[in-house]
Amino acid sequence: MKGMTTGKGALFPSEHTVFEDEQTGARVHQLTNHPSINHPTYFLQSSFTPDQEALVFASYRTGQAQLFEVGVFDGEIRQLTSDGPIHPFSPAIAPDGESVYFVRGGSVFVIDRDSLGERLIAEFDGQLGECSLSRDGDWFVAACKTGQQNGVVVGHTSAGRQQTIPFDRTVIHPQFSPVDSEWIEFAADPAPRMFRMRRDGSEIECLYEHDNDEFVVHETFLGDTGDLVFTVWPRALKRMSWETRAIHTIAEFNAWHITPNRAGTKILCDTNQPDIGIQLVDVATGDRETLCYPQSSNGGTQWLTSRYAVAEDWAAARAEADKDKALSWMEMAVDTVYGPQWTHPHPSFSPDESMIAFASDRSGHTQVYVVEIPAGI
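The structure displayed is predicted, hence computed values, not measured ones. (Residues numbered from 1 in each chain as written. Predicted model: local features only at pLDDT ≥ 70, side-chain atom pairs only at ≥ 80, totals over all residues. Heavy atoms only, no water.)

### Observations regarding the sheet that holds strand S14 (residues 149-156)
As summarised here, the arrangement of the four strands in space is S12-S13-S14-S15, forming an open sheet in which the pairing is antiparallel. Only two strands of the sheet have a single partner each, and these edge strands are strand S12 (127-133) and strand S15 (162-167). Along the sheet, successive strands turn relative to each other by an average axial angle of 20°, direction set aside. Relative to S15, S14 runs antiparallel, the two being bridged by six bridges. Among the inter-strand pairings, Val152 is bridged to a residue of S15, identified as Ile165. (Pairing = 2+ DSSP bridges. Helix = DSSP H or I, 4+ residues; strand = E, 2+ residues; numbered from the N terminus. Axes fitted to C-alpha atoms, helices over the stretch in contact; angles between N-to-C directions.)

Right, dumping it as structure tokens:
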């Protein structure tokens, strides 16, 4: 950044502005305003600290992905990391809010938000994907790839104990059950998509048999119900019983990235093809409210279809992007054709569920936004 010092602990003036959504009237806070990519953490976990005084985000403002935090709603921006680039969608805030776990290359680190001291948690001979924590913060899990071998790395956050569990296809979005950290759900690419296993790697099983013509995506746990929710793109939002595997439709619309509240009574989601705004869905009735319109570009040619990417799609993407070292088309770097994740809103709740954070490149560069959920919704 020309004329401004960068590095661990560097402070930047507030970039906060506020406006009303033109269609819903919702109060929207833009927390960043820099000509670079800036986005919250991934939709599977909150970007807000537990006390809601700060929001953690990834930014390329220094030339590579690093971790930052900003005051909510207003306040200075503080740079947290400055070594090699982090995986921009890997940060996971510890339950106490004092530290943040993240991936850099093939390693998992934790950084203390106060002292900015970093500690190596786990090293892996390969590349790691996004990181997820158990609700108690005792365990981490991350997708991994080395050579042609895929799988997950599971370990204790105190360091010293970790296990690599191989899998025969690309693994995406591994996450712990919020009600029983003995269990991990993960996605596979290509179909069938939904799997689960015990934390020690035993009892791996497919939860739902389907082929590439049924585009199942963005599965996650339905809060404290312990059940799962997922999207059949672009047709429906569905729920699966963890115990019986029974599936029923919550609502038929083009739900995309989904985030349930803690009680499992509401689901937050963005939409695409067409973008009908960020929706808040009642799980019991399927009724929904539009919170705001992010106006993101929502890049990615796979979302133009209602099936998974197949061999010819991979070949075309790789020929254009020359990125055959990526975990999958979901995890490709920021300059590729299949995975411009920074152009997707990825909404997520604040801890008290009164606000949401999302990303949008509506201004030409992706920025971090927060929306206040109107009372009564």
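### Let's talk about the packing of aromatic side chains
In total, this model carries 18 aromatic pairs according to the counting rule given. In this arrangement the basic side chain of Arg196 is found over the ring face of Trp183, its NZ or CZ atom lying 4.5 Å from the centre. The ring of Trp139 has Arg199 lying over it, and the distance from NZ or CZ to the ring centre is 3.8 Å. (Phe/Tyr/Trp six-rings, centres within 6.5 Å; stacked < 30°, edge-to-face > 60°. Lys NZ or Arg CZ within 6 Å of the ring centre and 35° of its normal.)

### Focus on the nonpolar core
Counting residues in each nonpolar core, the largest one holds 17 residues, and the members touching the most others are Met194 and Leu228. Excluding residues that lie within four positions of it along the chain, Leu228 makes contacts with Glu185, Met194, Leu207, Thr220, Phe221, Leu222, Lys238, Arg239, Met240 and Trp242. Among the nonpolar cores identified, the runner-up in size contains 15 residues, and Val103, Leu128, Cys131 and Val153 belong to it. (Core = buried A, V, L, I, M, F, W, Y, C linked by side-chain atoms within 4.5 Å. Buried < 20%, exposed > 50% of the residue type's maximum accessible area, 1.4 Å probe, protein only. Contact = heavy atoms within 4.5 Å.)

### Regarding the pairing of strand S29 (residues 355-360)
Buried residues dominate S29, accounting for six of its six residues. Neither face of S29 is exposed, since Met355, Ala357 and Ala359 on one face and Ile356, Phe358 and Ser360 on the opposite face are all buried. Where strand S28 (residues 348-349) folds back on S29, the antiparallel hairpin that results is connected by five residues, among which Glu353 adopts a positive phi of roughly 60°. Note: S29 against strand S30 (residues 367-372), six bridges, orientation antiparallel. Bridge pairing links Ser360 to Gln367 in S30. Here S29 folds back onto S30, and the loop between the two strands holds six residues, one of which, Gly364, carries a positive phi near 110°.

### Notes on the pairing of strand S3 (residues 27-30)
Across four bridges, the pairing between strand S2 (residues 17-20) and S3 is antiparallel. Note on S3: the bridge partner recorded for Val18 is His29. Here S2 hands over to S3 after six residues, with Gly25 in that stretch at a positive phi of 80°. Two strands pair when backbone bridges link them, and S3 and S30 are joined in this way by three bridges, in the antiparallel orientation. In the sheet register, His29 faces S30, and the bridge partner there is Val370.

Honestly, it's all geometry; don't read function into it.
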